[in-house]
Amino acid sequence: MLALTVAGVSVMMDLFCMRISNRWICCSLLAGFVISRMEAGRGTGEFVLGVVLPVFLLGWLFYFRMLGPGDIKLFCALGGIMGPEAVLRCIAAAFAAGAVISLGILVICGGFRERLRYLLEYLDHCRRAGRRRPYYRKGEAWENFHFTVPIFMSVLFYAGGMY
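Residues numbered from 1 in each chain as written. Predicted model: local features only at pLDDT ≥ 70, side-chain atom pairs only at ≥ 80, totals over all residues. Heavy atoms only, no water.

Engineer: Which residues make up unusual backbone geometry, and what values go with them?
Structural biologist: Its identity is not glycine, yet Met18 carries a phi of approximately 70 degrees, on the positive side. Along the chain, Met18 falls in the loop between helix H1 (2–17) and helix H2 (22–38). (Helix = DSSP H or I, 4+ residues; strand = E, 2+ residues; numbered from the N terminus.)

The structure is reproduced here in C-alpha cells:
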C-alpha cells in the first residue's frame, strides 16, 4: 500500500504541478528505509540497492532528456520500498505500459512516420554534432505524456500481485 500511495500522490503532483516535489520523494525514501528496517530479511543493503539501481539503469535516459529527473527519483523511492528485484519488474512494467500508451497515441493521433523520422533526425544530429539536445519537444506537444502514469500503472500491477 505504501508503494501505491507514493506512486499515486506522485502522479497527481506531476499532472497538476508538472513536477514531483523533492520533499515528497525524501519522505517516501525515509518511509522506505523504515519499512526495510522493520521487515524480516531486508536490511539497509537491500534498501540502498533498490534506491541506486534505477539511477544506474535509467540515468542515460535522463542524460538524453528522454526521461525526467522526477521519474527516476520516483523509481528510486519505489526501489527503497519494494526492493531491487521488484523495482526492476516495476521499471519493465512501466516501460511496457508506456509503450502501450505511446502506441495508442500514435494510432489515435497518427504521425507514426513523423515520430520515426524525428527519432532518426535526433540520433543523426547527436552523431554529427557530437553533443546531445533534449529529445522531447517543448510545450504541450501531443506526444509528450507524463511517465508517472505508466509508473503508477506498474505499481498497480505490483499491488495486485501480478509481479
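Engineer: Can you lay out the packing of aromatic side chains for me, pointing to particular residues and giving the numbers?
Structural biologist: For the structure shown, the criterion picks out 3 aromatic pairs. Relative to Phe47, the ring of Phe33 lies with its centre 5.3 Å away and its plane at 75 degrees, an arrangement referred to as edge-to-face. Note that Phe33 is positioned in helix H2 and Phe47 in helix H3 (residues 44–63), a separation of 14 residues in sequence. Site record: aromatic cluster; members linked through ring pairs are Phe75, Phe95 and Phe147. (Phe/Tyr/Trp six-rings, centres within 6.5 Å; stacked < 30°, edge-to-face > 60°.)

Engineer: Break down the pattern of salt bridges for me, with residues and values.
Structural biologist: Throughout the structure, instances matching the rule amount to 3 salt bridges. For Glu85, the salt bridge identified is with Arg89, shortest N-O distance 3.2 Å. Here Glu85 pairs with Arg89, and both are found in helix H5 (residues 84–109), just 4 residues apart, close to one helical turn. Using a relative accessible area of 42% as the deciding quantity, one classes Arg89 as partly exposed. As a salt-bridge pair, Asp124 and Arg128 come within 2.8 Å of each other at their nearest N and O atoms. Residue Asp124 and its partner Arg128 are located together in helix H6 (residues 112–129), separated by 4 residues, close to a single helical turn. The exposure class of Arg128 is exposed, given its relative accessible area of 58%. Three or more residues are tied together by salt bridges with common partners; here these are Asp124, Arg127 and Arg128. (Salt bridge = Lys/Arg side-chain N within 4 Å of Asp/Glu carboxyl O. Buried < 20%, exposed > 50% of the residue type's maximum accessible area, 1.4 Å probe, protein only.)

Engineer: Please provide a residue-by-residue account of the environment of Arg133, values included.
Structural biologist: Here Arg133 lies in the loop between H6 and helix H7 (148–159). Distance from Arg133 to Arg65, taken between C-alpha atoms, is 7.5 Å for residues 68 residues apart in sequence. Not counting chain neighbours up to four residues away, the residues in contact with Arg133 comprise Phe64, Tyr122 and His125. (Contact = heavy atoms within 4.5 Å.)

Engineer: Kindly report on H1, identifying the contributing residues and their values.
Structural biologist: With 16 residues, H1 should cover 22 Å at 1.5 Å per step; its first-to-last C-alpha distance of 22 Å lies within 8% of that length. Inspection of H1 places Ala3, Leu4, Val6, Ala7, Gly8, Ser10, Val11 and Asp14 among the buried residues, and these make up the whole buried set. Turning to H1, the residues buried within the fold contact H2, helix H4 (69–82) and H7. One or two positions beyond H1, positive phi appears at Met18, with a value near 70 degrees. (Expected span 1.5 Å × (residues − 1).)

Engineer: Just give me the short version of the packing of H4 against H5, but keep the residues and values in it.
Structural biologist: Contact pair H4 / H5: the axes reach a minimum separation of 7 Å and the direction vectors enclose 140 degrees. By the angle between their directions, the pair H4 and H5 is classed as oblique. The two elements H4 and H5 meet at a crossing, and its hand is right-handed. Contacts between H4 and H5 involve Phe75, Leu78, Gly79 and Met82 from the first element and Pro84, Ala86, Val87, Cys90, Ile91 and Ala94 from the second. By residue class, the composition of the contact of H4 with H5 is 9 nonpolar, 1 polar and no charged. (Axes fitted to C-alpha atoms, helices over the stretch in contact; angles between N-to-C directions. Parallel < 35°, antiparallel > 145°, perpendicular 65-115°, else oblique. Left-handed = near helix turned anticlockwise from the far one by under 90°. Nonpolar A, V, L, I, M, F, W, Y, C, P; charged D, E, K, R; others polar.)

Shape is all these values report; function is a separate question.
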